[in-house]
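# Observations on the model geometry
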Amino acid sequence: MPQDDYRDVAELVSAIGAPEFPLRLAGWMRIHVAFDMIAIVVYRGSQPPLHIHDDFKGEQARNGLRQYLAQTYLLNPFYQSHLKGIASGVYRIRDLAPDHYLQSEVYRSYEIIIAETEEIGYVTRDWPRGLEEIDIAVALGVGETTEIGIYSSKARSFDDAAIARLNAVLPLIESSFRQHWQRIKARHAVERPQGDAVWAEAAYGSFGADLLTSREREVVVLVLRGHSSDSIAAHLDITRATVKTHRKHAYERLGISTQAELLSLFLQHVRQHMPAS
């Protein structure tokens, strides 16, 4: 390893536990793989993600990040994988998503945010568009996962060679961030009562509970998680035609006609049931 590399690693290790560690980590990662932006969050159970670091530029992009941290993380395939116990590793977002997720209306409508302060009832999400994404997962312990998301505006930035380089340096990313988290964890003690730790997943379970049948709710939840009709049929062991029937009836009972309206209604439900901070 060249002398400069030893110096960079030493600087990274020396910053563990200090406020500048995430910035040092981002800089060290850029030596190995080029990217435009980075965001680092920690998921603890089903609570909203804890913001650790980002270098998003401009108020619009930062507003998009704030909206994600507040609500729409619930629709994120990484978050869904975290709840299932994702292993440490380097992932393309399509590796984590259900079938056809990136082409689905869930993904295309990701910008829909319910906002009572807006005259028409919603605002458009400001997350930067047209970015390639790679997610690095660091398993921190029971129910805790770090997501290090790196983003590039250039097409095919994260080719197989880039993934290989990230995998090669993953052990140091894992080890350093785990040590950093252990040193800063006390600063981010969970403030909400333990009983609220499952509120986000409970939002899926309670959505439409007073209107939909149990099967219709199962179908709707899988739609919200980005599954296609074929995938829902396979999960529930029913036919594709039956899925469409349940979905049609669910939409009628909810008083909606499109998947975009379903997403808006769900996010409104989430906010209404979010524990007070």
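The text that follows walks through the structure, step by step, so that each part is easy to find. Note that this is a predicted model, so its numbers are computed, not measured.

### Looking at the sheet that holds strand β1 (residues 37–44)
Taken together, the five strands give an open sheet; going across it, the order is β2-β1-β7-β6-β3, and neighbouring strands pair in antiparallel fashion. Two strands close off the open sheet at either side, each with one partner strand: β2 (50–54) and β3 (89–92). Ignoring which end each strand starts from, the neighbouring axes of this sheet average 20° apart. Bridging between β3 and strand β6 (residues 132–141) involves four bridges; their strand directions are antiparallel.

### Observations regarding the packing of aromatic side chains
Given two aromatic rings, their pairing is described by the distance between the two centres and the angle made by the two planes. Under the definition given, this model contains seven aromatic pairs. When the centroid spacing of 6.2 Å and the interplanar angle of 55° are considered together, the rings of Phe21 and Phe177 count as tilted. Taken together, the residues Phe21 in helix α2 (residues 21–32) and Phe177 in helix α7 (residues 160–184) connect sequence positions 156 residues apart. Of the two residues, Phe21 and Phe177, neither departs from the other in class, the shared state being buried. An angle of 50° between the planes, with centres 5.8 Å apart, marks the rings of Tyr43 and Tyr79 as tilted. One end of the pair, Tyr43, is in strand β1; the other, Tyr79, is in helix α4 (residues 77–84), with 36 residues separating them in the sequence. Of the residues examined, Tyr79 reaches a relative accessible area of 0% and is grouped as buried. Through a chain of ring-to-ring contacts, the aromatic side chains of Tyr43, Tyr68, Tyr73, Phe78 and Tyr79 assemble into a single cluster.

### A word on the environment of His180
Note that His180 resides in helix α7. His180 sits in the buried class, given a relative accessible area of 2%. Once the C-alpha coordinates of His180 and Gly17 are considered, the two residues, 163 residues apart in sequence, prove to be 4.7 Å apart. The contact partners of His180, leaving out residues within four places of it in the chain, are Ile16, Gly17, Ala18, Phe21 and Pro22.

Basis of the calculations
Residues numbered from 1 in each chain as written. Predicted model: local features only at pLDDT ≥ 70, side-chain atom pairs only at ≥ 80, totals over all residues. Heavy atoms only, no water. Pairing = 2+ DSSP bridges. Helix = DSSP H or I, 4+ residues; strand = E, 2+ residues; numbered from the N terminus. Axes fitted to C-alpha atoms, helices over the stretch in contact; angles between N-to-C directions. Phe/Tyr/Trp six-rings, centres within 6.5 Å; stacked < 30°, edge-to-face > 60°. Buried < 20%, exposed > 50% of the residue type's maximum accessible area, 1.4 Å probe, protein only. Contact = heavy atoms within 4.5 Å.

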